[in-house]
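Okay, here's what each chain looks like letter by letter:
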There are 2 protein chains.
Amino acid sequence: MKVEIITVGNELTTGEVIDTNAGFMADELSGRGFEVTFLTTVGDNEWHIEDALQRSQEHADAIIVSGGLGPTPDDITARSAAKALGHRLVLNKEVLQALRERFAQSGMEMPVANEKQAFFPHQAEIIPNPLGTAPGFFLRHKGKVFFFLPGVPRELKHLLTENVIPLLEKERKDKTFFLCRVLKVFGFTESAIADRLREIDLQEYAATLAYLPRYPENHVKIRVSGSSLDDLQKKLRDLESLIRQKLAGRIFATDYETLEEIVGHLLRSNKATLSVAESCTGGLIAHRLTRIPGSSDYFERGVVVYSNQAKKDICQVPEDLLTTAGAVSAPVAEKMAEGVRRISQTTLGLGVTGIAGPAGGSEEKPVGTVFIALASPEGTRSKKYQFWGDREQVRILSAHTAIDWVRRFFLNILGA
Amino acid sequence: MKVEIITVGNELTTGEVIDTNAGFMADELSGRGFEVTFLTTVGDNEWHIEDALQRSQEHADAIIVSGGLGPTPDDITARSAAKALGHRLVLNKEVLQALRERFAQSGMEMPVANEKQAFFPHQAEIIPNPLGTAPGFFLRHKGKVFFFLPGVPRELKHLLTENVIPLLEKERKDKTFFLCRVLKVFGFTESAIADRLREIDLQEYAATLAYLPRYPENHVKIRVSGSSLDDLQKKLRDLESLIRQKLAGRIFATDYETLEEIVGHLLRSNKATLSVAESCTGGLIAHRLTRIPGSSDYFERGVVVYSNQAKKDICQVPEDLLTTAGAVSAPVAEKMAEGVRRISQTTLGLGVTGIAGPAGGSEEKPVGTVFIALASPEGTRSKKYQFWGDREQVRILSAHTAIDWVRRFFLNILGA
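Everything numeric in this text was worked out from a predicted model, so none of it was measured.

1. Quick word on the layout of surface pockets
Logical step 1: Its boundaries defined by the atoms lining it, the second largest pocket holds a volume of some 1400 Å³.
Logical step 2: Lining the second largest pocket are 47 residues, and of these Lys184, Arg214, His219, Asp255 and Tyr256 of chain B lie nearest its centre.
Logical step 3: Elements with a contribution of two residues or more to the lining of the second largest pocket: α14 (391-410) of chain A together with α2 (21-31), β9 (177-185), β10 (207-214), β11 (217-226), α9 (259-269), α10 (284-290) and α14 (391-410) of chain B.
Logical step 4: Looking at the lining of the second largest pocket element by element, the count peaks at six residues for β9 of chain B.

Listed below in structure tokens is the structure:
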């Protein structure tokens, strides 16, 4: 089934806002096996909206339009749709009543401007919008079905997944099922992953693989399709476990999970606590770990020991070590990890020191030289990395690698 | 002059990659007064590319296509363009030679696949690409001009600004100039800004204003147009200073500057240093400040005192204060700021404590309650904030407000 997506809004054609709705819809739809042919963006211009609607009928079976359903005069999608599809606009009294009630509940009188949102092309069916004032609607025209949704991303996402996709699934003639799973990989490049998965016979699993770079991660999206859901689930499970085997420990999460969530689960289930001493990452590790609600259960403290004095004061890094080995060195990373662990009395202490650039590099220690250390009840380990990229990239890679060390520690694959 | 943008790639129609190229081009073009009518995205499908090219001729004077110029078999934009515009593909020997040399310089033999990148529609003019292997090209057809650019964002940006826009400027019949400036505002909502600027007579300056929410900032984009560049520059200057007056101190940066850059300049020019004690922001302040190259000149250290023990240990917050006033309180924020300043011997010490949620709120101190304190040679100030939003938003608002305190301190408007 072919679907075309049209997004409407002057803020999009002027580039003031990056259109994330089109990509979201394309992702959701293609993940379920719909073929998205064209994505079109037009401004709030009656003539252009009509033209896009006319064009879209040429190849798509279903057309999804978002944006331009608001109360202000520049929102003209409903009117343009009515014109393009040869209907007149009619007032929907129930919608008007519901709108009035919505405002009354917030103790406000409905502005006259909002009345407009209760007018729809004749024969349109309403898609109620629990999250905003603009309901969506759909109508059929010459064997095609047209959906109109509000452009507010939160509302659009809700209506697309709760209403539009179930409706499209019903319309669809081919009853093929699709299942997807995203495996999130860190520590292998895209081509290294492809090399390791090359020998898998994807046809055997009726599967396709997509490689999605999500810096600094690489995601592998598995999609299996078939007519029996049970069979699909088994195929997906089998293929996932085969891929996991081939990528030995490099898959840190699936689907919507993040690395810091996984690390949080591991700390919690191991009744462990963590403290962090950062130099080149400048607080990014602490920031990422504490984004997770409830992280205070296991994250005790972080120190951004940017100056040598701070390294000495807080982590008790010996002065002579800073002079002899240098602030960017394995022994200093180890002392940072041990120092922050000792003062905070946590199970684990993480230490990171390096040269993020652009300045500060030398022949011996070029930009991107980073030392990571983890102090634990089993002792302290450290490792030198040579990361590639600019300041931002070195910081991101360092933080990601350091957080991943905690995961690998609990899985006993830190040395692997 | 009307411009249409076409982006090509299966990764876009499947939603695997969010299309930032289209938005970038729309922004650059509309900022210079070109009217962007349609933005279309199609997959790497010959029929769809041809169709999009055919459609585009209906309203645009210039059409810019990006993507599908790579060496792999799925890159078929050049072939499809030749077909749609009625040309045959011909080998450009100079491009082939340049490609071979490019590979030779890296000590590699050119893969056969790359030969494809030297074939162009007959009569196409080459746009050399110093950043990659795929050159762009343009050709004229029935009074329209078609540009074809590679989809790699870095290459696209370069070719668009260096080649395409200068060419379009020459083609353009109306010789109107445009100047833009983005004023970055923090601390006023969009409607509060609009209220304050309502009385400005924009016609007097031949200007338009666009309000661009960039959470947690609000940007005001000024665009002035006219036929004399000198006159325009004066109008832009006058209008900017009028707006600055009306938004008294809330404009923290212009165009590409960031808040942390501005704060870095102020610290440096005042020969001042900074240390930070964070609780609810969890390292975000330190992370943002240290993103700036050279920040080690003024950023001495940061401490993420997440636990009460850490607040006592590192910032010497008295135990009884944590019991009586609570960890989220003005006196604790002040002690954090003073403590981190004292131990690090910096000019300024910043302290932030609050309830980011989702848990931890109470009737007296709901989620979003945040205390910010700044310790300086002039003493310590603190203030209570009630931020609105989820965990992520509260953290972002807290960090932004705290960093802005440093700017406001140096401008002597902290109390304003």
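2. Topic: a nonpolar patch on the surface
Logical step 1: On the surface, Leu89, Leu91 and Phe119 of chain A cluster together into a nonpolar patch covering about 220 Å² of accessible area.
Logical step 2: The partly exposed category is assigned to Leu89 of chain A, whose relative accessible area is 33%.

3. What about the relation of the copies chain B and chain A?
Logical step 1: Mapping chain B onto chain A is achieved by rotating through 180° and translating by 0.1 Å along the same axis, at an RMSD of 0.1 Å. Classification of the inter-copy transformation places it as that of a two-fold axis.
Logical step 2: Of all interface residues in chain B, 100% are interface residues in chain A too; the two copies therefore contact each other through one and the same surface.

4. Things to note about the pattern of salt bridges
Residue and element names in this part refer to chain A.
Logical step 1: Evaluation of the coordinates by the stated rule reveals 48 salt bridges over all chains.
Logical step 2: Asp195 is paired through a salt bridge with Arg198; the nearest N and O atoms lie 1.9 Å apart.
Logical step 3: A relative accessible area of 46% means that Asp195 is categorised as partly exposed.
Logical step 4: When its relative accessible area of 60% is taken as the criterion, Arg198 is described as exposed.
Logical step 5: Glu300 is the salt-bridge partner of Arg301, the closest N and O atoms lying 2.6 Å from each other. Judged on exposure class, the residue Arg301 and its partner Glu300 are both buried.
Logical step 6: Where salt bridges share partners, they join Glu46, Glu50, Arg79 and Lys83 into one cluster.

5. Remarks on the packing of aromatic side chains
Logical step 1: If you walk through the whole model with that rule in mind, you get 12 aromatic pairs over all chains.
Logical step 2: When the ring of Phe137 of chain B is compared with that of Phe148 of chain B, the centres are 4.7 Å apart and the planes differ by 15°; the resulting orientation is stacked. Here Phe137 of chain B is found in strand β7 (residues 136-141), whereas its partner Phe148 of chain B is found in strand β8 (residues 144-149), with 11 residues between them in sequence. With respect to class, Phe137 of chain B is no different from Phe148 of chain B; both count as buried.
Logical step 3: Pairing Tyr385 of chain B with Phe387 of chain B gives two aromatic rings, centres 5.2 Å apart and planes at 10°, and the pair type is stacked.
Logical step 4: A network of ring pairs unites the aromatic residues Phe120, Phe137 and Phe148 of chain A as a single cluster.
Logical step 5: If you follow Lys157 of chain A out to its NZ or CZ, it ends over the ring of Phe24 of chain A, 5.0 Å from the centre.
Logical step 6: Lying across the ring of Phe188 of chain A, Arg196 of chain A places its NZ or CZ 4.1 Å from the centre.

Conventions used here
- Residues numbered from 1 in each chain as written.
- Chains lettered and ligands numbered in written order.
- Predicted model: local features only at pLDDT ≥ 70, side-chain atom pairs only at ≥ 80, totals over all residues.
- Heavy atoms only, no water.
- 1 Å grid on protein atoms, 1.4 Å probe; cavity = no way out; pocket = protein on both sides within 12 Å on 5 of 7 lines; lining within 4 Å.
- Points joined across faces, edges and corners; volume = space filled by probe spheres on them.
- Helix = DSSP H or I, 4+ residues; strand = E, 2+ residues; numbered from the N terminus.
- Patch = residues over 30% accessible without salt bridge, like charges linked within 9 Å, V, L, I, M, F, W, Y side chains within 5 Å.
- Areas by Shrake-Rupley, 256 points an atom, 1.4 Å probe, with all protein chains shown as cover.
- Salt bridge = Lys/Arg side-chain N within 4 Å of Asp/Glu carboxyl O.
- Buried < 20%, exposed > 50% of the residue type's maximum accessible area, 1.4 Å probe, protein only.
- Least-squares fit on C-alpha atoms with pLDDT ≥ 70 in both.
- Contact = heavy atoms within 4.5 Å.
- Phe/Tyr/Trp six-rings, centres within 6.5 Å; stacked < 30°, edge-to-face > 60°.
- Lys NZ or Arg CZ within 6 Å of the ring centre and 35° of its normal.

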